[in-house]
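# A closer look at the structure
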Amino acid sequence: AMGTPAYMPPEQAKDPAGVDARADLYALGATFYRLVTGRPVFTGTTVQELLHQHAHEKPTPPDQVNPVIPKPLSLIILTMLAKRREDRYATADELIAAGSRELGIAAE
């Protein structure tokens, strides 16, 4: 599997050829998580441990790590980090619409 384990969606570790745009949204969610909490989603010490955590462990909600984070933003990030790609936003447009709707951010 190619990618950075700390930001890799579960399906990319299993079948790198079968990923779609939702894999990028997962990686973006992991990036957002780190930006708002100051720490990575998971902290495994080996590649295998990180991949296992991304595939099987629930992330701590960002608003529980940093109480300043609004609950709607935390939920958006958790949706981006859903284990099953079917449970994530299907497109960047869906993510933008959620941000607009839930956070009052104007989509342009």
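The preceding data block contains the structure.
A brief structural summary. Keep in mind that this is a model prediction, so the values were computed, not measured.

## Let's talk about the overall build of the protein
The number of helices and strands found in the protein is six helices and zero strands. Against the compact-globule benchmark of 13 Å for 108 residues, the protein has a radius of gyration of 14 Å, which places it among compact chains. In terms of overall dimensions, the protein has a C-alpha envelope of 40 × 30 × 20 Å along the principal axes. Residues counted as buried form 35% of the 108 residues belonging to the protein.

## Quick look at the environment of D87
Mapped onto the secondary structure, D87 falls in the loop between α5 (71–80) and α6 (92–103). Placed 39 residues apart in sequence, D87 and Q48 show a C-alpha to C-alpha distance of 24 Å. Not counting the four nearest positions on each side in its chain, D87 is found in contact with T79 and A82.

## Thoughts on the nonpolar core
Formed by Y26, A30, Y33, V41, F42, L50, I77 and L81, the largest nonpolar core amounts to eight residues. Per element, the largest residue contribution to this core is three residues, and it comes from helix α2 (residues 21–37). Filtering out sequence-adjacent residues up to four positions away, A30 remains in contact with A6, Y7, V41 and L81. In this structure, L25, I76, M80 and L95 belong to the second largest nonpolar core, which totals six residues.

## Notes on the packing of α2 against α5
Closest axis-to-axis distance for the α2/α5 pair is 8 Å, and the angle between their directions is 140°. On the basis of their axis angle, the class for α2 and α5 is oblique. Along this stretch, α2 crosses α5, giving a crossing that reads as left-handed. Between α2, through L25, Y26, L28, G29, F32, Y33 and V36, and α5, the contact on the second element is made entirely by L73, I77 and M80. Residues of the contact of α2 with α5, tallied by class, amount to nine nonpolar, one polar and no charged.

## Re a nonpolar patch on the surface
The grouping of L28, F32 and L35 at the surface amounts to a nonpolar patch, some 270 Å² of accessible area in total. When you line up the elements, L28 lands in helix α2.

## Let's talk about the pattern of salt bridges
It is possible for side chains bearing opposite charge to pair when their charged atoms get close. In this structure the tally under the stated criterion is six salt bridges. Taking the shortest distance from any N to any O, the salt bridge between E11 and R88 comes out at 2.8 Å. Separated by 77 residues along the polypeptide, E11 in helix α1 (residues 10–14) and R88 in the loop between α5 and α6 bring together distant segments of the chain. Its salt-bridge partner being E102, residue R101 comes within 3.4 Å of it at the nearest N-O pair. One network of salt bridges, with partners in common, ties together R84, E86 and D87.

Conventions adopted
- Residues numbered from 1 in each chain as written.
- Predicted model: local features only at pLDDT ≥ 70, side-chain atom pairs only at ≥ 80, totals over all residues.
- Heavy atoms only, no water.
- Helix = DSSP H or I, 4+ residues; strand = E, 2+ residues; numbered from the N terminus.
- Rg over C-alpha atoms; globule rule 2.2 N^0.38 Å.
- Buried < 20%, exposed > 50% of the residue type's maximum accessible area, 1.4 Å probe, protein only.
- Contact = heavy atoms within 4.5 Å.
- Core = buried A, V, L, I, M, F, W, Y, C linked by side-chain atoms within 4.5 Å.
- Axes fitted to C-alpha atoms, helices over the stretch in contact; angles between N-to-C directions.
- Parallel < 35°, antiparallel > 145°, perpendicular 65-115°, else oblique.
- Left-handed = near helix turned anticlockwise from the far one by under 90°.
- Nonpolar A, V, L, I, M, F, W, Y, C, P; charged D, E, K, R; others polar.
- Patch = residues over 30% accessible without salt bridge, like charges linked within 9 Å, V, L, I, M, F, W, Y side chains within 5 Å.
- Areas by Shrake-Rupley, 256 points an atom, 1.4 Å probe, with all protein chains shown as cover.
- Salt bridge = Lys/Arg side-chain N within 4 Å of Asp/Glu carboxyl O.

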